[in-house]
Amino acid sequence: MKNLTTRTPQEIFQSHGQALMAEDLDKIVANYAHDAAFITPTGVKHGRDGVREGFTQLFADLPHAKWDLKIQIFEGDVLFLEWSAGSDTGQAHHGVDTFVFRDGLIKTQTVRYALTPNS
């Protein structure tokens, strides 16, 4: 198994994406630094507990979603994403995330999406 601190941002994001698709909160959280910042329009969540809280909300908003990654741009230790997703309960449009990677983990993530419930 590869040492976590030597993972590239691309490897970290691949692990993150696999955990996201599986809705595996433990694996998602394991990709974040213990002192990570998870920034949303409603405020900042701190640490792995904050990350868990953020993804718990995302999975409540979009259970078993189908994800569409529209733009993925890496520049050094930063990743910019634009995405949308749909589930039986709602649609997320205009999803935009930014990730900052440090020492083989996600140090900071910004998250924003517009949720429309299905009628």
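Refer to the structure above for everything that follows.
Small disclaimer: the values here were computed from a predicted structure and weren't measured. (Residues numbered from 1 in each chain as written. Predicted model: local features only at pLDDT ≥ 70, side-chain atom pairs only at ≥ 80, totals over all residues. Heavy atoms only, no water.)

Caption draft 1: Geometry of the overall build of the protein chain. Summing up its helical and strand segments, the protein chain has three helices and six strands in all. The N-to-C order of helical and strand elements in the protein chain reads α-α-β-β-α-β-β-β-β. Its C-alpha atoms give the protein chain a radius of gyration of 14 Å, within 12% of the compact-globule value 14 Å for 119 residues. Burial analysis of the protein chain (119 residues in total) assigns 39% to the buried set. Accessible surface, the protein chain: about 6,800 Å² in total, of which carbon and sulfur atoms supply 55%. Side chains of the protein chain give 11 positive and 15 negative charges; the mean places of these two sets differ by 2 Å. (Helix = DSSP H or I, 4+ residues; strand = E, 2+ residues; numbered from the N terminus. Rg over C-alpha atoms; globule rule 2.2 N^0.38 Å. Buried < 20%, exposed > 50% of the residue type's maximum accessible area, 1.4 Å probe, protein only. Areas by Shrake-Rupley, 256 points an atom, 1.4 Å probe, with all protein chains shown as cover. Lys, Arg positive; Asp, Glu negative; His and termini not counted. Charge placed at Lys NZ, Arg CZ, Asp CG, Glu CD.)

Caption draft 2: Representation of the layout of surface pockets. Estimates place the volume of the largest pocket at around 500 Å³. Lining of the largest pocket is provided by 27 residues; of these, L58, W83, D97, V111 and Y113 occupy positions nearest its centre. For the lining of the largest pocket, the secondary structure elements donating two or more residues are α1 (9–21), β1 (32–40), α3 (47–61), β3 (66–75), β4 (78–86), β5 (90–102) and β6 (105–117). The residue inventory of the lining of the largest pocket, partitioned by class, reads 14 nonpolar, eight polar and five charged. (1 Å grid on protein atoms, 1.4 Å probe; cavity = no way out; pocket = protein on both sides within 12 Å on 5 of 7 lines; lining within 4 Å. Points joined across faces, edges and corners; volume = space filled by probe spheres on them. Nonpolar A, V, L, I, M, F, W, Y, C, P; charged D, E, K, R; others polar.)

Caption draft 3: Representation of the pairing of β1. Here β1 runs beside β6; their pairing, made up of four bridges, is parallel. Residue pairing for β6: A37 is matched across the bridge by T108. Summarising the sheet, β1 and strand β2 (residues 43–46) pair through four bridges and their orientation is antiparallel. Among the inter-strand pairings, I39 is bridged to a residue of β2, identified as V44. Taking the residues that link successive antiparallel strands as the turn, the β1-β2 hairpin has two residues. (Pairing = 2+ DSSP bridges.)

Caption draft 4: Highlighting the sheet that holds β1. Taken together, the six strands give an open sheet; going across it, the order is β2-β1-β6-β5-β4-β3, and neighbouring strands pair in mixed fashion. Two strands bound the open sheet, and with one partner strand each, they are β2 and β3. Here the strands of the sheet are splayed against their neighbours by 15 degrees on average, with no regard to which way each runs. Alignment of β5 against β6, held across eleven bridges, turns out to be antiparallel. If you follow A92 over to β6, its bridge partner there is L115. Contacts between α1 and the sheet are confined to β1, β3, β4, β5 and β6, with β3 contributing the most and set at about 170 degrees to the helix. (Axes fitted to C-alpha atoms, helices over the stretch in contact; angles between N-to-C directions. Contact = heavy atoms within 4.5 Å.)

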